[in-house]
Amino acid sequence: MIAAQLIFNGIIAGAIYSLVASGFSLIYSVSKLMHFAHGAVVASGAYFMYELLINLGLDFWLSVILTLILASLIGELMNRVVYKTLRERKSSGAILLIASIAIMTLCSALILIFFGADVKTIPLVNPVYDFLGARITHIQVVMIMVSSLMLTALWLLMKKTTLGKAMRAVADNKDVAKTVGIDPEVVYTKTFLLGSFLAGIAGILIGIEQNLYPEMGMSLVIKGFTGAVIGGLTSVPGAVLGSYILGLVENIGIWWLPSGYKDAIAFVVLFIFLLFRPSGLLGKTVREA
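Each value, and the rule that gives it
The residue numbers shown here count from 1 along each chain, following its written sequence. In keeping with the predicted nature of the model, local features appear solely for residues at pLDDT of at least 70, side-chain atom pairs appear and are counted solely at 80 or more, and the whole-chain, interface and lining totals rest on all residues. Hydrogens and water are ignored here; the side-chain numbers use all heavy atoms of the structure. Secondary structure elements follow DSSP: runs of H or I no shorter than four residues count as helices, runs of E no shorter than two count as strands, and numbering proceeds from the N terminus. Exposed residues in this analysis have more than 50% of their type's maximum accessible area, buried residues have under 20%, and partly exposed residues fall in between, with area computed by a 1.4 Å probe over protein chains only. One fewer than the residue count of a helix, multiplied by 1.5 Å, yields its expected span. Contacts are assigned to residue pairs that have any heavy atoms within 4.5 Å of one another. Think of a polar contact as two N or O atoms within 3.5 Å of one another; within protein, one of them needs to be a possible hydrogen donor and the other a possible acceptor, and neighboring residues in sequence only count if both atoms come from side chains. Inter-axis angles, ranging from 0 to 180 degrees, are taken between N-to-C directions of lines fitted to C-alpha atoms, where helices are fitted over the stretch in contact. When an angle is under 35 degrees it counts as roughly parallel; over 145 it counts as roughly antiparallel; between 65 and 115 it counts as roughly perpendicular; any other value is oblique. Amino acids are sorted into nonpolar (Ala, Val, Leu, Ile, Met, Phe, Trp, Tyr, Cys and Pro), charged (Asp, Glu, Lys and Arg) and polar (every other residue, Gly among them). Nonpolar core, defined: a set of buried Ala, Val, Leu, Ile, Met, Phe, Trp, Tyr and Cys residues in which side-chain atoms within 4.5 Å join the residues together.

**Let's talk about the side chain of His35**
At step 1: Topologically, His35 is positioned in the loop between helix H1 (2–31) and helix H2 (38–55).
At step 2: Owing to a relative accessible area of 0%, His35 belongs among the buried residues under this scheme.

**Section: helix H10 (residues 236–253)**
At step 1: Taking 1.5 Å as the rise per residue, H10 with 18 residues should run 26 Å; its terminal C-alpha atoms sit 25 Å apart, in good agreement.
At step 2: Three or more residues of H10 are buried, namely Val236, Gly238, Ala239, Val240, Gly242, Ser243, Leu246, Gly247, Glu250, Asn251 and Gly253.
At step 3: On its buried face, H10 is in contact with H1, helix H5 (138–160), helix H9 (216–231) and helix H11 (262–276).
At step 4: Of the residues that open H10, the one with a side-chain oxygen 2.9 Å from the backbone nitrogen of Gly238 is Ser235.

**Some points on the packing of H1 against helix H6 (residues 162–172)**
At step 1: One can describe the packing of H1 onto H6 by two numbers: an axis separation of 6 Å at closest approach and a directional angle of 55 degrees. In terms of axis orientation, H1 runs oblique to H6. Here Leu26, Ser29 and Val30 of H1 lie close against H6, whose contacting residues are Met167, Val170 and Ala171.
At step 2: A per-class count over the contact of H1 with H6 returns 5 nonpolar, 1 polar and no charged.

**Re the nonpolar core**
At step 1: Counting 65 residues, the largest nonpolar core has Leu26, Met78, Tyr83 and Met216 as its most contacted members.
At step 2: Ranked by residues supplied to this core, first place goes to helix H8 (residues 184–209) with 12 residues.
At step 3: Setting aside residues up to four positions removed in sequence, Tyr83 forms contacts with Leu33, His35, Ala37, Met78, Leu96, Ser100, Ile103 and Phe192.
At step 4: Tyr17, Phe225, Ile265 and Ala266 belong to the second-largest nonpolar core, a separate cluster that totals 19 residues.

This is the structure we're talking about:
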């Protein structure tokens, strides 16, 4: 049944987009930084998994653990070397945005240099199941389950832990947060580590299910950004909701349009929300100083 297959495809796409969007939205809500280089962290995660598992022949779970550590460290390296330096110099949001795009471009070039331009795949046993008239693979089931688990864990961390409260305090007003003993730079560090950890998970899931190519990071961060805009850039739950909406709209849209228009559908949805509801479905308007 075509409708059931398209809906399942939309849910699977939404599961991946939500991991990218939640990390992007988390970093934005806390630091007020459009971290488009987040896509480079996702792509790096996918390529690290390929290198560790295929080229170095390491155990699957060891490769996963090392990939997550490396992805988290790369995200924090971007923050510490570039963004923190620019913050200390009181650089404007525009400068930080340009720096983020420059990092994204640099990382794509480095992936091209070290891994080449050819498309790569991670071959794994992947049984196919029939469910409610649709065909879904074992890896796709794992993707949905892992995404749901990670997003639930993120919600609990944000609502129930001291770190989550500190992140929300800095997101609301970093100057007030300082008066109660919260160091914004420490919170930024932990936020980038956490957001990049989610990007690493997304990279691993994408790497074992789809093809890898050097420019994949840009495409993924645009989808994550679109999902975050739909749900609300300042709302992590909204970013998750927006990502699933985007995944469903994209895949149901190609019922009537050629599959090559999938990216165009995403951009149309993005423009509609930017024009008519820039705060998103669950977000609130952010006024930057």
